[in-house]
Every structure is written in C-alpha cells, then in structure tokens.
Amino acid sequence: MITPEEVAFYIKNIPPAPSVVRQALQFARDGDLIKAAKCAQEDPALRLYLKTLVNRPIYGFKNEVSDVGQIFGILGVAATQQTLYNYLLSLLTPKKWELFNLTNHQFYDLQASLSKQWENILLYLHIKDKEIYSAISLIPATIIVCNALFASTKKEVEQLRSVKALDYNTILKRLSGSDLFDLAAQIGQMWDMSDKTIALIRSASGTHRDLLGEQKILAQWIHLLLFYEFSQSAYVSAGLNEFIDFQIDFVDDIYDSFSQVIQPL
Amino acid sequence: MRATVKGRIGVFHLQGFLDGNNAPSFLTIDDIKATEALHIDMLLVSLKKVIFFNKNGLDVFVKLLTSIRNSKHITVGFCDYDHKKFQTINIFYKDAIDFSLFKSEKIAELFVSTNTSNPKTVLLYNEDPSQRSAMAIELFDYGHNPIIAQSFAEFETKKKTPDLYYAIIEDTQLGYFGQKIATRVTGNAIIYTVSNFLDAEIGNTFNIAYHNNSLNVGFRLFIFDAYKVVSMNIHALNFFTKLASSAAEYNAAICFVGFSFEKTPETFKNDLEDAGIMFFSTMDDILKNKELLQELGGGGGATVKQHRILNKALINELSHFIDATVSTLNMMTNAQATKNSVRIQALTIANPTDQFASSIGFYGDIDGLIILVFPKTIAKKACELLVGEGDVTDEEVLDSLAEFVNIIGGRAKVLLSENKRRLDITLPRTYSEMDTLMEIARNKKGVQVDLSFEGQNFIFFLTR
C-alpha cells in the first residue's frame, strides 16, 4: 500500500523554507521583532497569511490588525516564531484535500486554535521556552503528510478498516517503520527546528511510553489537546477524529488539569 | 464513521470527547445506511477511547441503536468501559436502559453466534437476580458454561482465581435480550435454541443470513433444541417447512430435539416429517451416535452425498477472485504474490503440517467457497499489518486470517459488482489443523491455484 521508498520520496520533495521566512525566523529567534517584521513585509503571501490569521475570532481583536510590525508586536517573540512556522506549514497544504473532508480555511482555523490553546497550556504549566511554544506548529503537519501519502489508497484503507479499527498512523508505522509524527519531525529538521522541539513532536503520538519529566508532560498535553480539537464537530466530519489512535491511558493522569485549563466542548 | 465488523458484531470506535454538539457529526446519512445494511447480530458503540461523554452525546447513538434494533431485531448497546463509565451510564438512563452494556468486546462476543465450536467457562455476577439469570440462560444457549456467583462475596472470592475463567462478567447487563435465536456449534452441527410458543415472530428472530452462511460454508446438520418449546402455530410450521426445503438443496438435515407434541396438533408433526425434518427425544440421541451423525452430515463434509459442481459462471469470475486475493496480499504486505499453476482438481495440500487455512463462502448471483492455505510463516507475515510485529500467538494469527479473508471477500464483492454481479459473503472460518479443513473440502472439485510469495508457496482454492 505504502512503501518506505514512497515515504522517503515524499519527504525528499518537501520544499525548503523560503529565504525571506528563514531570515524572519532567525530574527525572531534572536528576539529582534522589528527586523523580523521588515523581512516578512517583503513576502506578500506571508503578509496576507499573518493578517488573516491574527484577525480570526480566536485571537479576539476588536479592530482589524494589518501591519506586520504591529502583528509581531502583539504576538510577541515566541508566538511570532510559532506563527512563522504555521505559515511554512500552510505552504504544504494541498489545493484539494482528497483524504479528509477538509478545507484550507478549516485547516488554518485548526492551526490558530491549537496555537492559542497551547499558549494557555504553557501559561498553566509555567513554561516560557520559545522552542516548546513553536512545537505545536508542526503537529498539523501529520494531517498534511497523511493526506499526501494515503489519498490514493483511500478505498483500500476503508476495506481494511471495515474489519479492524486501524488508524492511518498505525498502518503507516507497520508498513514503513515511521509514523506520521516521525515524518512531521523530519519536516521540522528540514526547517532547522531545535532538537528539543523535534523530540517533542515525535513523542506527541502518545505511543512512546519511555518518556520522562517535562517531555512526558508536554507530550501528554499535546496529545490530549489534539483529541480535544479533533473532537470538534467540523473536524469529526472531516475525518480527523479517526486518523490517529487516541492513547487514552497516556493522558489519563492529566485529564482533570486539562479540563481546568480548557473547558470540555 | 463506519462500524468495524468482526464476526457477527459491528462496533463504532469513538475517540476523544463526545457531547450533543459533535455526536451527530460521527454519523453521516451514508454511515447510517451502511450500518443498516450490515449482516450482524449485534451493534455496539465502544467507549474505550472516549475520555469525556455526556448524556446528549450518548443519546445520539442510543437513538440510532434503538432504531436499528427495532428494524433488525439485533442486540444493541455500548461496550469497552470502566466501572466509572458504567455507573455514569446507569445514572444517565436510570431504570430505563433498554440497550445492553458489555464491559468489553470479548464479553459481548459470548452473546452472539459463531461458526466454530468454542465453549467458554465464564464467571458471572450481577446484583440484579433477573439479569443474572437472563445472562446465564443466554450464555448457556450460546454453548458456554457460566459459573454464577450468587452473592457479591462469592463473586469476589471466585474472582481471585481469574485463570480458571475465559472472562469475568461484571458491569454488564442485557437490554432487550433474546433478539435472535441463540446458536451454537458442536463439531459440524449447528444447534439453534428455541423456546416458548413458536409463531410468526420466528421469521424475525431466526437468523436466516447466518443459516444460509452456514450452508454455504459446508455445515450439513442443523438441530433445533426444542426442549423449552410449548407449541407452535401454522406460521411457524410454514417457516420450518420452507427451511427444510431450502436445506434439501444442500443435502442438509434438520432435526428437532426434545419437542413434545402434547399441545401441538399431530398433523403438524406429520407435515414437518413430510418436509424432511427428523425428531429425536434427546440431544445425545444424535450427538453420541456416531453412525447417525455421519449419516446426517454432522460428521463432516465428506459424508455429503451430492456435491455441488463447479459451473461456468463461477469459472468466468475466477480472475476476479484471484485478483482480490493477490491485491489484498499486496496491500497488506507491500510484496507481490505470483501465480505458479492453475488446475481443476480436489484440494491437494502437499505438506499439511505447519499450515493455517481460512475460508469464506459467497452467495447471490453466483455462489461458492474460497479456501486459502498458507504456511504459518506466510500467514503471520500476511497478518502483520493487522496485528503488528513481535510475538503473536497462533490464535491471534488465526483471528487475523479471518479478517484477511473477509477483506478478500469484500474486494471480490466490489470487483464483481463492476460486472453487475451481486454477491454476499459469509462469516470467515479458520483452520489450525488441515484435517478439519479436509473434512469440509475432501472430494470437492475446484480450481486450485498455487501461488508463491517471498519464496514460499500458498494455495488459493475456489469451489462450490
């Protein structure tokens, strides 16, 4: 169905980050938002993306915000870095989602919602690390990769799933040795994300049971946050609720805290 | 979301959070239609991976389950939950629970018909005596051996030795039970348990699809355990007469055991005998009489006098069945199977040791039986996608082989529908011993295709 060679070919063909975004990211990492904004200003697509993103209801601004400098100022260093990664990811979204019943508009809504909820979670956990802040941006890459790899085998997977409740992530792991989170982490590597961020993305699958300390806690929160979002009506209809396996035991001990930070549906 | 079907049970596997807002999104109109079209005896919603649910969320599924139960007379309910979730559901629905609750899928499987003889010893407790009895009767009727704890203290004591039981049944309750006539398999005979007064309702409660499946996969002896039957009316008489006629086409025998005609007209007995139905006083009269058992067909397929022969319609579609097999193997393993030879002959297994086999019957515009015989290593490789790598027991491989042939059956169905041929598939059957397979397949002529896969041979056999 899907061979390791096909997976390697897909990853090899992921385009590198545009130089303008790379530069803007570097300035953001250094904490220089003025230079980052100046850089971002040069890319019209990035400008439009930023404007559309921060004016989504979840950001709660009363008046439209359109100036890139102003946007970066409002977001702050960590969220700017995260948003630039979100933009990079948006460049990989397909023109038409074939596997999932999803629109790009819904995908961007999901990105925005994950980012905002992650911010609340890190606030609750008293974590201010910029790299950890950015990790959430790469999680929706799992959806893009899954759509790209499985679009042509949708019928076959449906037949498989008619007899066994297998998710795409498990199927991919068993056929190719890598799961969707490993592939998202590989994309992160190509975009010069830190080792810490990449390790966190990998562990968000909830299948790594040897995690310890902060990495385990963060992986648990990302995993549960994912399923909170995937349980939203629009994403259930899109088929996102079924594409990875929810490791309920993995998140059991943080559920009570989670429901304090984020009210259930 | 589509239900996953294993054996005769369909299960919706929900994940994450479930409330009144998102629950309708799990089920499109197409999903509901597909669920209604399933040939199943039980439809469940698994709560194993649901971390949060409320009553509004459950209500959406209860509505669907109730509607399907009313139209198809099958058992419906929820499964795979812990004690806390069980209590929550009971609080939500208080005394008005009219669906079933099974603590696990494994427990639910004990309450449906299978096509293998596999009686299990289970420990059972429910604080409600009527539930306790109802479950015990159902389990017994399905061929199992329930050990009933009469008190919580007794249950707790017995629970300390879990190895003695296949399953410990607690936090489980039956809603509208007895939706279908209980069925069990003993050797090569199928036993249906009927009770009370038999009337037109038997047409709803008797699982005709299961019965036809059983005929198609080679069962030839059907016994109605009628000890608890008081009497029957003309509608039931007509039903059994028709059943006997259709069984005759397969040279199958239908018997009644323990039916007293005290309150039933003697003419009914004559009519049933004229239709070919036989009557015995006790179950042992058949099951312990080997000679009679052989004659009736319960000793295995070899005793069947008339063999259904291969026909042109089936041969014409051979390529579709082989394509379905090869492409399924390819999908599951990423490796290609190649065809070595095709011959019309009786099933010939060169090396019957270390082999697993599975079969699936099909009926509709054409009918027949697909048998696959694999070396154990190939069987394990073919099922790796379904069970994962690592140490896998023979039982798990056989279970997955059943799923594997089910997929092949599904693919063949799709391929043939392109030629406007309508097909239904039976329950899959697996064999860990080739002797058992040969009881069914011996003397059946068919098309044997020898295929090779990663340097080893396996057999595809198509017959009727």
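As the structure is a prediction and not an experimental result, all values here were calculated from the model.

So, the overall build of chain A
Summing up its helical and strand segments, chain A has 16 helices and zero strands in all. Its C-alpha atoms give chain A a radius of gyration of 18 Å, near enough to 18 Å, the size a compact globule of 265 residues would have. Viewed in the frame of its principal axes, chain A has a C-alpha envelope of about 55 × 40 × 35 Å. A burial count over chain A gives 47% of its 265 residues as buried. Across chain A, every contact between residues at least 6 apart in sequence was considered, and the portion connecting residues at least 24 apart equals 70%.

Quick notes on the packing of helix α2 (residues 19–29) of chain A against helix α5 (residues 68–90) of chain A
Residues and elements named next belong to chain A. Relative to each other, α2 and α5 sit at 160°, their axes nearing to 9 Å. In terms of axis orientation, α2 runs roughly antiparallel to α5. Along this stretch, α2 crosses α5, giving a crossing that reads as left-handed. Only V77, T80, Q81, L84, Y87 and L88 of α5 make contact with α2, whose side of the interface consists of V21, A24, L25, A28 and R29.

Here's the deal with the domain arrangement of chain B
All names here are of chain B. Here chain B is partitioned into domain 1 (4–169), domain 2 (182–303) and domain 3 (312–463). Distance between the C-alpha centres of domain 1 and domain 2: 29 Å. Among the residues making up the side of domain 1 that touches domain 2, the classes are represented as one nonpolar, eight polar and three charged.

Let's talk about the domain arrangement of chain A
Residues and elements named next belong to chain A. Domain assignment breaks chain A into domain 1 (4–16 + 91–261) and domain 2 (19–77). Domain 1 and domain 2 are separated by 24 Å when their C-alpha centres are compared. The interface is formed by six residues belonging to domain 1 together with four residues belonging to domain 2. Split into classes, the residues belonging to the side of domain 1 that touches domain 2 amount to two nonpolar, one polar and three charged.

Structural notes on the nonpolar core
Core analysis: the largest hydrophobic core is formed by 217 residues, its most contacted members being A:L138, A:I139, A:A184, A:I201 and B:L44. The residues touching A:I139, leaving out its near neighbours within four places in the chain, are A:L114, A:A184, A:I201, A:A204, A:I222 and A:L226.

Regarding the confidence of the model for chain B
Summing up the model confidence of chain B, the mean pLDDT is 87 and the portion of residues at 70 or higher is 97%. Segment residues 301–305 of chain B is flagged for pLDDT under 50; beyond a separation of four residues in sequence, or across chains, it makes 15 contacts in the model.

Conventions used here
Residues numbered from 1 in each chain as written. Chains lettered and ligands numbered in written order. Predicted model: local features only at pLDDT ≥ 70, side-chain atom pairs only at ≥ 80, totals over all residues. Helix = DSSP H or I, 4+ residues; strand = E, 2+ residues; numbered from the N terminus. Rg over C-alpha atoms; globule rule 2.2 N^0.38 Å. Buried ≥ 20, exposed ≤ 12 C-beta atoms within 10 Å, placed from the backbone. Contact = placed C-beta atoms within 7 Å. Axes fitted to C-alpha atoms, helices over the stretch in contact; angles between N-to-C directions. Parallel < 35°, antiparallel > 145°, perpendicular 65-115°, else oblique. Left-handed = near helix turned anticlockwise from the far one by under 90°. Domains from an automatic or database assignment. Nonpolar A, V, L, I, M, F, W, Y, C, P; charged D, E, K, R; others polar. Core = buried A, V, L, I, M, F, W, Y, C linked by C-beta atoms within 7 Å. pLDDT = per-residue confidence, 0-100.

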